[in-house]
Amino acid sequence: MSVEDGGMPGLGHPRQARWTLMLLLSTAMYGAHAPLLALCHVDGRVPFRPSSAVLLTELTKLLLCAFSLLVGWQAWPQGAPPWRQAAPFAVSALLYGANNNLVIYLQRYMDPSTYQVLSNLKIGSTAVLYCLCLRHRLSVRQVLALLLLMAAGACCAAGGLQVPGNTVPSPSPAAAASPMPLHITPLGLLLLILYCLISGLSSVYTELLMKRQRLPLALQNLFLYTFGVLLNLGLHAGGGPGPGLLEGFSGWAALVVLSQALNGLLMSAVMKHGSSITRLFVVSCSLVVNAVLSAVLLRLQLTAAFFLATLLIGLAVRLYYGSR
C-alpha cells in the first residue's frame, strides 16, 4: 500500500499496528463529536459559545505541540528555527476558518437534512483536487470506492437515525414535533459548492505543505495552530456580546474540546504520512460510530438506511485498499 493510498509502505508489523490504531482512534473521536455535544445541552441548547469551543480546541492543540517539542518527543531542527516556513500555514488556517464559518452560514439557506446529504459532495471535490495538485491518478476501482463513500454518507444522513415513534428522522424530539421542510435556496447551493471546494482545497493544500517541508510534524503543527488561535481569537472577539470564554462549560464540554484537539493532531499525522483520501475514509467510517453512539446515548433508533450505509462503506474500503 503506497502513501498516496493512505498506507505506510515498508513498515513492520508493530508500526503498521500503531498506524491502524491511530486511524481507529481518529474514527472514534470523529464519531463521538456530535453525541458528546448533545450531552452538553442544557434545556435543548448548547450553553456555551461555539467560538469558545473552537478557540479552546485550537489553543489545546497548540499547547500540546509546544509540549511535545519542549520535552523532546520530536526533535527540534538543527540551527535557527525556520520561521519563514511558517507563513504558508496562514493560508491553511484561513481556509479552515472559512470552512468552519461556511458551515454555520449554510444553515440559513437550507434545512439540516439537505445540508447533510449534499455536503458529501466534498468527497468528490477533495478527490479531484488531490489528483490535480498531487498529480496522483486514481484507478477505476478507487473512483468507484469514492462514489460508494459519497452514496453511503448521503444514505446515512437521509435516514440512518430516527426518533423512536417517528417516521421522520430528527435530531431531537422537539424538532420531530415540527420538522423543518426540505429546502435549499440558489444562494445556499452556491455556498454549498464553495464549501465543498474550500473543504477539499484546505485538506489537499495542507497535505502538500506538510509533505514538502522537511520539518518535524510538531513544529509544522505549531505554525498551523498559532495562526489558528490568532484567527479564532479574532472571530471570538468580533462575535459580539455573549457568554464568556469558559461560561457554560461542563465536564462533557471539556471532553469535546480535548477529543477534538487530539483528533486534530492525529489528522495532521495522517496528512503528513498518509493522504487526504485516507482522511475521507476516516470521516466516513466515523458515521457508523456516530450512529451507534447516538443510539446508545441518545436513544435514537437505527434504521435500514444505516445498515445500507455501513455496507457501502465496507465495500468502499475493500475496493480502495483491497488487493488489485
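So, a few notes on the structure that sits alongside this text.

Cut-offs and rules
- Residues numbered from 1 in each chain as written.
- Predicted model: local features only at pLDDT ≥ 70, side-chain atom pairs only at ≥ 80, totals over all residues.
- Heavy atoms only, no water.
- Helix = DSSP H or I, 4+ residues; strand = E, 2+ residues; numbered from the N terminus.
- Expected span 1.5 Å × (residues − 1).
- Buried < 20%, exposed > 50% of the residue type's maximum accessible area, 1.4 Å probe, protein only.
- Salt bridge = Lys/Arg side-chain N within 4 Å of Asp/Glu carboxyl O.

**Regarding helix α3 (residues 88-106)**
Turning to step 1, where the next piece is worked out: Along its 19 residues, α3 runs 28 Å from first to last C-alpha, staying within 8% of the 27 Å computed at 1.5 Å per residue.
Turning to step 2, where the next piece is worked out: Among the residues of α3, Phe89, Ser92, Ala93, Leu95, Gly97, Asn99, Leu102 and Leu106 are the ones counted as buried.

**What about unusual backbone geometry?**
Turning to step 1, where the next piece is worked out: Phi angles above zero are rare outside glycine, and arginine 135 is one such case at about 55 degrees.
Turning to step 2, where the next piece is worked out: For arginine 135, the location among the structural elements is in the loop between α5 (121-134) and α6 (140-159).
Turning to step 3, where the next piece is worked out: Its relative accessible area of 78% is what places arginine 135 among the exposed residues.

**Section: the pattern of salt bridges**
Turning to step 1, where the next piece is worked out: If you walk through the whole model with that rule in mind, you get 2 salt bridges.
Turning to step 2, where the next piece is worked out: Between glutamate 58 and lysine 61 there is a salt bridge whose closest N-O contact spans 2.9 Å. Remark: lysine 61 and glutamate 58 occur in helix α2 (residues 50-70); sequence separation between them is 3 residues, near one turn of the helix. With respect to class, glutamate 58 is no different from lysine 61; both count as buried.
Turning to step 3, where the next piece is worked out: Residue lysine 211 pairs with glutamate 207 through a salt bridge whose shortest N-O separation is 2.7 Å. Of the two residues, lysine 211 and glutamate 207 are both situated in helix α8 (residues 186-212); the distance of 4 residues between them amounts to about one turn of the helix.
Turning to step 4, where the next piece is worked out: Of the residues examined, lysine 211 reaches a relative accessible area of 32% and is grouped as partly exposed.
Turning to step 5, where the next piece is worked out: A relative accessible area of 0% places glutamate 207 in the buried class.

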